[in-house]
Amino acid sequence: MLPFEEQVVADLLEDPNGGLVVLSSGLPLASIASALLLQLHHHHQSPGGCFLILSAPDPLKAQIRRLLLQPNSQPLLQLHDVAPDLPAHHRAALYSSRAALFLSPRALTADLLTSRLLPSRVHALLLMSAHRSSDTSSDAFVARLLRQHHLLPVYAFSDRPHAMVSGFAKAERAMKSLYIRRLHLWPRFHVLTASDLERAPPEVVDVRVPMTQPMRGIQVAVLDAMDACLKELRRTNKVDVEDLTVDKGIFKSFDEIVRRQLDPIWHTLGKKTKQLVADLRTLRKLLDYLVRYDAVTYLKFLDTLRVSEGVRSVWIFADSSHKIFHLAKRRVYQVVRADGTNLLADNKGTPTKKRKVTQKGKETENEDLSAIKGNAQKINAEMGILLEEILEEAPKWKVLRELLQEIAEEQIKRDGENVQPLNEDGFKKSGIVLVACKDESSCLQLQECITKGPHQVMRAEWEKYLLGKAELHGLHRKNKKTSQQPKGFGVLDGEVPMGSGESVGPSSISNLETNALLVAASEISIVTKEVNAKDDSNVSGRKRGLVKGKGKFKKAITNRETSNRINKSTTDRSDLEVEGQSGKTDGCAEIDASKFSTEEDSASAPAVDKAANYFSAFGDLVDAKLLPPVEFYAIDSDQHVLDVWKPSVIIVYHPDITFVREVEVYKAENPSMKLKVYFLFYEDSAEVKKFESSIRRENEAFESLIRQKSLMMIPVDQNVRCIGPALANEPEARSSQNSITRKAGGRKPSEKEMQVIVDMREFMSSLPNVLHQKGIRIIPITLEVGDYVLSPLICVERKSIVDLFQSFASGRLYNQIETMVRYYKIPVLLIEFSQDKSFSFQSASEIGDDVSPTNIISKLSLLVLHFPRLRIVWSRSLHATVDIFLSLKTNQDEPDENKAMRVGVPSEDGVVENDVRAENYNTSAIEFLRRLPGVTDSNYRSIMDGCNSLAELALLPVQRLAQLVGSQKGARTLKEFLDAKCPTML
Amino acid sequence: AGSSAPAPKNSILVSHRQKGNPLLKHIRNARWTFADIVPDYVLGQSSCALYISLRYHLLHPDYLYYRIRELQKNFKLRVILCHIDVEDVVKPLHEITRTSLLHDCTLLCGWSLEECGRYLETIKVYENKPADSIREHMDNDYLSRLTHALTSIRHVNKTDVITLGSSFGSLSQTMNASMEELARCPGIGERKVKRLHDTFHEPFKRVS
């Protein structure tokens with residue numbers, strides 16, 4: 001543990017109320033928390049009781065566990081992760097075990113409300129995600145339930161300083177709601193932190209990798225498109241212009257900025273503005289993936305985007321997005337005429353495009369040895385069209401390999417100097433190289449790059465891409481042909497059926513392009529087949545395609561090409577069309593196995609040799625085994641591996657500020673170790689910008705927190721105890737209030753406490769919390785019908801606006817209201833608006849001229865017509881809801897908990913469900929199940945009884961399904977849906 | 001618009017009290033005519049509506065109560081159509097909510113006269129319409145069904161549905177995909193991978 005960490009713990013323990021700690025991200029939160037726990041444990045020697053740890057994310061839990069449970073020593077402190085589905089009596093046992101418990105606020109709230117856990121049994125409360133606390137949050141609810149009866153320290157932590165400054169005086173309000181007086185700020189630039197971390201800093205090498213020309217082009221184009229979207233957004237005059245810069249646009253938090261400004265008026269915004277906000281999100285992804293994905297995967301992602309976003313998006317039609325699609329394709333392949341001219345450029349004839357071509361040429365020259373050599377040109381001779389594979393490799397790949405070579409050499413040299421034989425063991429201990437990238441899939445890919453060579457990786461991706469294309473195409477024709485072979489030899493259409501053919505010329509070209517792609521794909525599939533069954537020379541499957549699909553020519557125009565290209569003359573087009581057709585036939589007739597296998601040989605077969613060649617180009621290492629031991633680490637996975645693997649060299653492949661801090665701490669904890677860190681940045685890329693501004697942003701957040709801290713006002717009582725939010729249910733306060741209003745009656749206020757039965761699932765929302773603040777007793781139960789039971793007659797189904805639209809769309813609302821109307825005399829639909837959003841459904845423009853069945857007005861009217869007994873409550877905010885509840889409860893009896901619990905529960909076997917029911921189910925899977933065709937309200941339970949999980953369900957034979965679903969027809973529907981081929985790209 | 005001819009069966013009956021209400025201008029999708037009726041609007045055999053604006057309620061807080069008291073019991077659906085035309089809605093809306101709830105009325109709110117008018121039109125036009133469009137319905141188009149199912153998993157969007165579909169070929173194969181296979185799909189991050197995998201592989205019932 002570093003000295004500054006000890007200081008953090010010591011500071012925290014000074015105040016009996018506890019405190020709030022805000023750290024720079026990446027600083028060792030887990031080690032501070034576990035040190036604190038040990039100290040607390042030491043202080044509380046009395047038996048029984050427990051320490052509660054709330055809202056700790058899983059990786060943090062794992063870290064704390066590792067720190068507290070040292071492998072070969074007696075555990076210092078019992079630590080349990082209390083799963084929400086743990087039976088109640090087990091939970092009760094744990095509460096009195098003097099252990100530290102990880103809990104979800106939901107289960108804990110219920111236990112506190114039902115007195116299963118007495119506040120006096122809790123020694124301390126630790127909140128690990130303080131940035132999510134507010135006076136209506138669930139952890140604040142827990143803090144209040146505890147502090148109300150028992151003074152105990154609350155320690156709150158956050159390692160997201162920027163989240164602590166979003167919104168007005170957020171830190172102060174969070175502290176008040178958690179009964180905390182002291183704020184401790186520990187930025188990276190804190191004197192103690194800085195001196196600890198900089199005492200023996202690691203050796204840092206900053207490697208700037210230039211991006212390829214097309215990558216740079218795409219980046220510029222994406223930024224342009226973002227800029228255009230922002231300009232458009234600014235034109236709406238609805239947002240503060242100052243915050244809308246491309247600079248901020250590359251951050252996730254940008255959405256938050258925009259949404260915070262737009263939310264209050266969200267429902268009054270037009271479709272276009274909403275789409276702009278969504279587009280910005282998509283564009284940011286494109287920017288991010290550009291440096292993370294290989295060229296083929298990137299293209300695949302773009303293809304998917306084009307299908308899914310389709311006509312909705314604004315940006316997809318902008319000029320710059322054509323460039324994105326065009327360049328992304330250029331990184332993978334291009335279509336050229338047999339005489340070598342570029343087909344596309346030929347047609348366009350614009351100077352810009354010409355330049356692109358020359359650039360491309362240069363790029364190709366830059367691509368060295370292996371890349372070019374492997375580029376087989378698929379020639380469809382008579383057609384006169386070539387598909388030239390480019391398969392651009394990510395520049396970082398090469399650099400990474402070079403780095404690894406260099407490191408290996410150094411290690412060998414060092415080992416040589418030390419006159420130590422190269423022994424496996426020693427090598428591993430000192431020489432592990434850790435490569436940190438963003439996600440698991442990049443890890444896998446990089447690993448393959450190292451072992452198989454980058455070209456092989458690109459080929460594999462490319463083949464997958466082509467096969468995917470061909471398969472989709474094959475599917476398209478599957479209806480008539482029984483052949484499942486995914487071969488594309490017919491008349492081929494473009495990837496997306498966009499609109500009708502305004503210009504036919506381009507369509508044939510895009511056809512040719514797709515043709516070429518599919519021919520290439522079929523070659524691959526033939527080769528694969530060759531390998532599998534050598535004598536398979538059956539071409540009948542391929543011939544079939546010829547007959548069909550001609551009519552589709554006109555439809556098949558990819559959007560990009562339509563608007564980019566000059567119309568060709570009709571004659572020209574038909575020529576090409578015919579050419580294309582005949583070319584295909586002949587082409588496929590000519591294909592013979594040997595030709596392909598040789599071609600494939602040159603392209604990819606002896607991968608090992610190739611990789612070896614590649615190696616020899618850099619170092620004198622011919623054997624790949626001489627690479628240093630490499631481990632890959634996905635930053636997103638949040639596992640803390642540094643202490644486990646103890647690397648001596650770290651290559652930060654995708655720079656990330658949190659990880660950098662972790663490396664710093666790791667080095668500081670191991671001062672004697674030699675550590676070298678390489679940063680791989682793409683030069684002048686959004687990656688660099690993002691990294692740099694994330695540091696700047698964090699510093700700004702801390703500066704703002706420091707200012708806030710100096711102005712903070714936290715109320716305390718005489719004993720310097722923190723008071724926290726005012727409570728209506730303090731007995732004194734309440735009776736004095738009542739005495740004023742009821743003086744005239746001269747009667748004592750009724751002793752009885754108001755109570756409301758609340759569905760367990762509702763504890764995700766803040767309403768139970770606020771109801772409790774108002775002094776209402778909350779009885780948590782799993783309700784089958786409704787969300788709140790206010791009296792034996794009144795039952796409420798609460799819907800936020802988003803829920804309302806969703807559950808109307810899914811039909812759930814109808815069912816919910818139907819059952820509620822069946823069981824309660826006064827069924828209430830509560831439509832709850834959010835305080836900080838607009839109080840209205842839609843803008844005037846959305847109302848339209850006609851009665852449209854999709855409009856919310858129509859849906860509500862229909863609901864009201866079918867359930868005339870349904871009462872609707874429109875609530876402006878959470879607090880307004882509470883007032884309405886209180887007023888509805890006057891003159892009503894208190895609800896009966898046992899009765900409410902039984903309402904609507906199917907009593908086939910007479911078993912009354914116990915109260916943790918909701919937590920015992922995989923709700924996400926059930927929701928999914930209920931949305932499958934053939935599954936209905938009446939049979940989903942028996943399906944769940946009959947099979948364990950969705951994965952299992954997917955594999956059940958149709959006969960078994962029929963038993964579960966209850967009908968042959970339903971089972972068939974379900975089975976067909978599950979096994980249907982996805983026709984997604986068509 | 002309003003004619004003085006004998007009331008046809010399929011038009012909204014409007015009380016003479018409502019004469020001059022600018023709301024009437026916005027009833028365009030249904031015919032309407034003035035008639036001697038107790039409620040402000042008669043929207044069908046058994047449904048009627050009273051109109052009130054928040055501003056009016058603030059001036060005459062008892063008005064609504066007296067109007068409701070006059071209504072006969074022979075209307076099954078009694079709508080209070082409330083025009084939200086003030087900024088500070090909480091208190092007046094609370095009162096109106098309470099009154100309509102205690103006196104068996106259904107409250108509907110409109111933020112503009114168009115919206116209020118549209119409610120009246122719609123209730124009239126939909127008088128005999130079945131509830132199909134708000135009940136759970138099966139969309140027969142494969143992709144929208146697939147999207148419907150997969151997007152029930154939090155944070156899975158339309159693009160992801162297509163990615164998953166084209167990567168695995170069918171839903172059953174998607175449901176049996178391993179973490180690693182899921183992670184290889186572009187655009188599916190760690191969290192989505194876990195969520196998808198949990199949904200498919202965790203048992204329906206966590207405790208048996």
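In case you missed it, the structure is sitting above this.
Every value quoted in this text rests on a predicted model; they were computed, and no experiment measured them.

Draft legend 1. Here's a closer look at the overall build of chain B. When helices and strands are tallied, chain B shows 9 helices and 6 strands. Counting every position in chain B, which comprises 208 residues, the buried fraction comes to 53%. In chain B, once contacts between residues fewer than 6 apart in sequence are set aside, the share between residues at least 24 apart is 61%. Summed over all atoms, the accessible surface of chain B reaches about 9,700 Å², with 49% contributed by carbon and sulfur.

Draft legend 2. Quick look at the packing of aromatic side chains. Taken as a whole and judged by the stated rule, the model has 21 aromatic pairs over all chains. Relative to Phe-681 of chain A, the ring of Phe-679 of chain A lies with its centre 6.2 Å away and its plane at 15 degrees, an arrangement referred to as stacked. Centroid distance Phe-833 of chain A to Trp-111 of chain B: 5.7 Å. Interplanar angle 55 degrees. Geometry classified as tilted. Taken together, the residues Phe-833 of chain A in the loop between strand E20 (826-832) and helix H36 (844-847) and Trp-111 of chain B in the loop between strand E6 (106-110) and helix H4 (113-125) connect one chain to another. The class of Phe-833 of chain A is buried, set by a relative accessible area of 2%. You can call Trp-111 of chain B buried: its relative accessible area is 17%. Cluster of aromatic residues (ring-pair linked, three or more members): Phe-833, Phe-839 and Trp-874 of chain A together with Trp-111 of chain B. Over the ring of Tyr-940 of chain A we find Arg-930 of chain A; its NZ or CZ atom is 4.2 Å from the centre of that ring. Of note, Lys-129 of chain B hangs over the ring of Tyr-126 of chain B, and the distance from its end group to the ring centre comes to 5.0 Å.

Draft legend 3. Geometry of unusual backbone geometry. With a phi close to 45 degrees, Leu-391 of chain A is a non-glycine residue in the positive phi region. Note on Leu-391 of chain A: relative accessible area 1%, which makes it buried.

Draft legend 4. Here's a closer look at the sheet that holds strand E13 (residues 630-634) of chain A. Residues and elements named next belong to chain A. Across the sheet, 5 strands lie side by side as E8-E15-E14-E12-E13; this open sheet has parallel pairing. Each edge of the open sheet is held by one strand with a lone partner, namely strand E8 (203-209) and E13. Neighbour-to-neighbour, the strand axes of this sheet turn through a mean angle of 20 degrees, independent of strand direction. In this structure, E8 lies alongside strand E15 (residues 676-682), joined through 7 bridges in parallel fashion. Along E15, the bridge assignment pairs Asp-206 with Phe-679. Sitting on the sheet, helix H31 (residues 686-711) touches E8 and E15, and the angle it makes with E15 is about 125 degrees.

Cut-off values and rules
- Residues numbered from 1 in each chain as written.
- Chains lettered and ligands numbered in written order.
- Predicted model: local features only at pLDDT ≥ 70, side-chain atom pairs only at ≥ 80, totals over all residues.
- Heavy atoms only, no water.
- Helix = DSSP H or I, 4+ residues; strand = E, 2+ residues; numbered from the N terminus.
- Buried < 20%, exposed > 50% of the residue type's maximum accessible area, 1.4 Å probe, protein only.
- Contact = heavy atoms within 4.5 Å.
- Areas by Shrake-Rupley, 256 points an atom, 1.4 Å probe, with all protein chains shown as cover.
- Phe/Tyr/Trp six-rings, centres within 6.5 Å; stacked < 30°, edge-to-face > 60°.
- Lys NZ or Arg CZ within 6 Å of the ring centre and 35° of its normal.
- Pairing = 2+ DSSP bridges.
- Axes fitted to C-alpha atoms, helices over the stretch in contact; angles between N-to-C directions.

Shape is all these values report; function is a separate question.
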